[in-house]
Amino acid sequence: MSMEGDEGNRDQSSREEWTLLFWTSLAVVVPVIITLWCSVQRSKRKIHMKDFFRKSKHGWHCTDLFNKPTYCCVCQQHILQGAFCDCCGVCADETCLRLADRSLVCKEIMAPSQTDGTLEHRWVRGNVPLCSVCAVCKEQCGNQPKLCDFRCVWCQTMVHDDCKASLSDGKRCELGEFRSLIIPPHYLHHVNKLRRRHPDEYSKLASACGSSWTPVLVLANTRSGNNMGEALLGEFRTILNPVQVFDLSELPPSKALQLCTLLPPGSVRVLVCGGDGTVGWVLDAIDTMKLKGQDQFIPRVMILPLGTGNDLSNSLGWGSGYAGEIPVEQVLRNILEAEVVKMDRWKVQVASKGLYFRKPKVLSMNNYFSVGPDALMALNFHTHREKTPSFFSSRIINKAVYFMYGTKDCLVQECKDLDKRIELELDGERVALPSLEGIIVCNIGYWGGGCRLWEGMGDEPYPPTRLDDGLLEVVGVFGSFHCAQIQVKMANPVRLGQAHTVRLVLKTSRMPMQVDGEPWAQGPCTITITHKTQAFMLYHSAEQTDDDDESSTSEAESSAPHDSPKPAGPASARA
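Residues numbered from 1 in each chain as written. Predicted model: local features only at pLDDT ≥ 70, side-chain atom pairs only at ≥ 80, totals over all residues. Heavy atoms only, no water.

Taking an unreviewed UniProt entry as the reference, the chain is identified by name as Diacylglycerol kinase belonging to Salmo salar. Per UniProt, the comment on the chain under Sequence similarities (unreviewed entry) is "Belongs to the eukaryotic diacylglycerol kinase family." (UniProt positions renumbered as here; feature names shortened; annotations may be inferred.)

Pasting the structure below:
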């Protein structure tokens, strides 16, 4: 009897164990299957939506959560997630997206004008910006919990539903505050109909846009700095004609700048959103325009700094980095107020020793050339960013990594005894070198992410640098620790002199080198730096780029070239 009871207990225990195992397996397997199924469906949906967006005439962008109360422009229901067009501002949930794409017209980059030669308002209903004011009654717009009120996608005028009929200008759109920067769609419509593509014809068409018309092209590198480029592109498309805004990850600047040849000569301004490398890329494309005989269409260049160093931007008064602290409307106002100045550009020719039948490597330089510890830090940073680009998405992280590599070099000293491995000539005269680890050849006032290198601590009467004098400033550093001391104004560099032509001969071993933040490791060679050309840049004299007013004013004066009204010391007074 007891044996039968024991067997029954064992059977009962076995059944309970199998039941527990079954439900445990089910609890593990089912979530995994559901997760995999959702992942596959999400991937299919993403591919499907990407294909749909590619064919659409709207600039759709999906979002999982709108950052303000938003209503679908089709069903008029409140939505938390969906898609929005960054050109015209139309919003829709996913179920209404196709209907919105068919029934709601986006901003037209090219369209005929009205009979009187003006543009007609292009209204979009609902989702007006917060704190908007009606152009008729001057009361707040968009404050009701529903799809209400209108916004013109060209002039950004806001009106209530009931006030729209009372608008003073009726259907006539004046393009708003930034009319002098916008390329009107009717201008491109007339250009497209021209039989003779000639600059004189463009000037005649431009007369209808006003005497102060200076259209701007926005070129943004979405991979620069803290990845703000994509959001900036959308904000500029909202205000300007979408044809004026280019993503450099999709279209190279040489192609984007061809739009300049369809606009009046000398009228175009280009806003480059990116780091110093992006600016150099655009300036090289402008040099290509000169080679094609398009000198009369050369634009003026302004910088919105998104990168890590941004020394050129700092030298031109635009600050050391943009993090969204001012709205894009103020950025466009700065373009209107900026001064046109000239900036020297240089040719860096690298001829490797022993390779006589190979063409020398030729690079363009705007900021500086260096060999030594700062180039080594840039090379290490560049190598690791290529391996894991997602990690280097923050300006703070980037500078922390630079600091780490600088600290490491203080201990290792990979570039010591540089003076024994390299020869330096300034305008053909040999310069005796002290015991250095690095040489830096500067064209601009700033170096190393915001340090005024040539002036140093300001304890010696060295005339400030200029952008257009055809001279380079050459300094030496004793190592990474010396570079850090210079940046915090605890030491001065070794000032080796100024010259119109700089020649360096690397006799032995490999050394890290960089031009404007683009590093490489170089074996024995001869480097020759000569004047290449001058670029037209936009200079912001009102922007402060340092902590104290006095030093900021001094730098603004020192950076201004000869054709700027800012005073500066003459080149003849230099050491």
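> Where do I start with the overall build of the chain in this structure?
If you tally the helices and strands in the chain, you get 14 helices and 28 strands. Within the chain, contacts between residues separated by at least 24 positions form 70% of all contacts whose residues are at least 6 apart in sequence. For the chain, the computed accessible surface area is about 28,600 Å², with 54% contributed by carbon and sulfur atoms. (Helix = DSSP H or I, 4+ residues; strand = E, 2+ residues; numbered from the N terminus. Contact = heavy atoms within 4.5 Å. Areas by Shrake-Rupley, 256 points an atom, 1.4 Å probe, with all protein chains shown as cover.)

> I keep staring at helix α13 (residues 480-487) and nothing clicks. Help me out?
In an α-helix, one turn spans 3.6 residues, which is why side chains three or four residues apart end up on the same side. Ser 480, His 482, Cys 483 and Ile 486 are the residues of α13 that are buried. Down the axis of α13, the sector holding all buried residues measures 160 degrees, keeping them to one side. A positive backbone phi angle near 60 degrees is found at Lys 489, which sits one or two residues after α13. (Buried < 20%, exposed > 50% of the residue type's maximum accessible area, 1.4 Å probe, protein only. Arc of directions from axis to C-beta.)

> How do you make sense of the side chain of Thr 222 when you look at a structure like this?
Examined against the element boundaries, Thr 222 turns out to sit in the loop between β11 (216-220) and α5 (229-239). Taking relative accessible area as the criterion, Thr 222 reaches 15% and is therefore assigned buried. Within the local environment of Thr 222, its side chain forms a polar contact with the side chain of Ser 249, the two groups lying 3.4 Å apart. (Polar contact = N/O pair within 3.5 Å; in protein donor to acceptor, adjacent residues only side chain to side chain.)

> What am I meant to see in the pattern of salt bridges here?
Evaluation of the coordinates by the stated rule reveals 12 salt bridges. Arg 345 is the partner of Asp 287 in a salt bridge, and the nearest nitrogen-oxygen pair spans 2.2 Å. Here Arg 345 lies in strand β15 (residues 339-352) and Asp 287 lies in helix α7 (residues 276-291), a separation of 58 residues in the sequence. Side by side, Asp 287 and Arg 345 carry an identical accessibility label, which is buried. We note a salt bridge from Lys 507 to Glu 423, for which the minimum N-O separation is 3.9 Å. Here Lys 507, found in the loop between β25 (502-506) and β26 (511-515), pairs with Glu 423, found in strand β18 (residues 422-426); they are 84 residues apart in sequence, far enough to count as distant. Assessed through its relative accessible area of 32%, Lys 507 is described here as partly exposed. We classify Glu 423 as partly exposed; its relative accessible area is 21%. (Salt bridge = Lys/Arg side-chain N within 4 Å of Asp/Glu carboxyl O.)

> Just to check I follow, could you spell out the sheet that holds strand β27 (residues 518-522) for this structure?
Neighbouring strands of a sheet are bound in pairs by backbone hydrogen bonds; such pairs are parallel or else antiparallel. Pairing is antiparallel across the open sheet formed by 6 strands, whose spatial order is β24-β23-β20-β17-β26-β27. The open sheet has two edge strands, β24 (494-499) and β27, and neither has a second partner. The mean inter-strand angle of the sheet, taken between neighbouring strand axes irrespective of direction, is 15 degrees. In terms of strand pairing, strand β17 (residues 368-371) meets β26 through 3 bridges, oriented antiparallel. When the bridges of β26 are listed, Phe 369 appears paired with Val 515. (Pairing = 2+ DSSP bridges. Axes fitted to C-alpha atoms, helices over the stretch in contact; angles between N-to-C directions.)

> Which parts of the structure should I look at to understand the sheet that holds strand β7 (residues 123-125)?
Strand order in this open sheet of 3 strands is β7-β8-β9, and the pairing throughout is antiparallel. With one partner strand each, in any of the chains shown, β7 and β9 (158-159) form the two edges of the open sheet.

> Can you help me understand the nonpolar core in this one?
Nonpolar side chains in soluble globular proteins tend to end up buried together. One finds Phe 236, Leu 271 and Met 537 to be the most contacted residues of the largest nonpolar core, which totals 102 residues. Here this core gets 6 residues from one element, more than from any other, and that element is α7. Non-local contacts of Met 537, meaning those with residues more than four positions away in its chain, are made with Val 279, Leu 283, Val 301, Ile 303, Leu 316, Glu 339, Val 340, Val 341 and Met 343. If you look at the next biggest cluster of nonpolar residues, it comprises 32 residues, including Leu 418, Val 431, Leu 436 and Val 474. (Core = buried A, V, L, I, M, F, W, Y, C linked by side-chain atoms within 4.5 Å.)

> Looking at this structure, I do not really get α5. What am I missing?
For α5, the set of buried residues is Gly 229, Leu 232, Leu 233, Gly 234, Phe 236, Arg 237 and Ile 239. Buried positions along α5 lie against β11, β12 (245-247), β13 (269-274), β14 (300-305) and α9 (328-337).

> I'm lost on the packing of aromatic side chains in this one. Help?
To describe a pair of aromatic rings, you give the distance between the ring centres and the angle between the ring planes. For the coordinates displayed, the defined rule picks out 4 aromatic pairs. When the centroid spacing of 6.4 Å and the interplanar angle of 65 degrees are considered together, the rings of Phe 66 and Phe 84 count as edge-to-face. With Phe 66 in the loop between β1 (60-63) and β2 (70-71) and Phe 84 in strand β4 (residues 82-85), the pair connects residues that are 18 residues apart, well separated along the chain. The cationic tip of Lys 164 hangs over the ring face of Phe 150; the distance from NZ or CZ to the ring centre is 4.3 Å. The residue whose ring lies beneath Arg 300 is Phe 536, and the NZ or CZ to ring-centre distance is 4.4 Å. (Phe/Tyr/Trp six-rings, centres within 6.5 Å; stacked < 30°, edge-to-face > 60°. Lys NZ or Arg CZ within 6 Å of the ring centre and 35° of its normal.)

> Even after reading the chapter, I still don't get unusual backbone geometry, so can you show me in this structure?
Most peptide bonds are trans, and most residues other than glycine sit at a negative phi. Although it is not a glycine, Gln 76 sits at a positive phi angle of roughly 65 degrees. Turning to its location among the elements, Gln 76 is positioned in the loop between β2 and β3 (78-79). Owing to a relative accessible area of 42%, Gln 76 belongs among the partly exposed residues under this scheme. The phi angle at Lys 489 is positive, at roughly 60 degrees, despite the residue not being glycine. You can see Lys 489 is positioned in the loop between α13 and β24.

> Got a minute to help me understand the packing of α5 against α9 in this structure?
Packed helices, taken two at a time, are described by the angle between their axes plus the distance between the axes. Orientation of α5 relative to α9, taken along the N-to-C sense of each, is 70 degrees, at an axis distance of 10 Å. On the basis of the axis angle, α5 is roughly perpendicular to α9. Seen from above, α5 lies across α9 with right-handed handedness. Facing α5, whose interface residues are Leu 232, Glu 235, Phe 236 and Ile 239, α9 presents Val 328, Glu 329, Val 331 and Leu 332. In terms of residue class, the contact of α5 with α9 is built from 6 nonpolar, no polar and 2 charged. (Parallel < 35°, antiparallel > 145°, perpendicular 65-115°, else oblique. Left-handed = near helix turned anticlockwise from the far one by under 90°. Nonpolar A, V, L, I, M, F, W, Y, C, P; charged D, E, K, R; others polar.)

> Got a minute to help me understand the confidence of the model for the chain in this structure?
Low-pLDDT portions of the prediction should not be read for the details of their coordinates. The pLDDT averaged across the chain works out to 83; a share of 84% of its residues lies at or above 70. Mean pLDDT values for the elements of the chain range from 40 in helix α14 (residues 549-559) up to 95 in β11. The model gives residues 543-575 a pLDDT under 50, and that stretch makes 71 contacts with residues more than four places away or in other chains. (pLDDT = per-residue confidence, 0-100.)

> Explain the state of the cysteines to me, please; I cannot follow it from the model alone.
Here, the word disulfide means a covalent bond between the sulfur atoms of two cysteines. For the structure on display, the rule yields 0 disulfides. The thiol of Cys 163 is not disulfide-bonded; the next cysteine sulfur, from Cys 134, is found 3.9 Å away. On the accessibility criterion, Cys 163 (13% relative accessible area) is buried. (Disulfide = S-S within 2.5 Å.)

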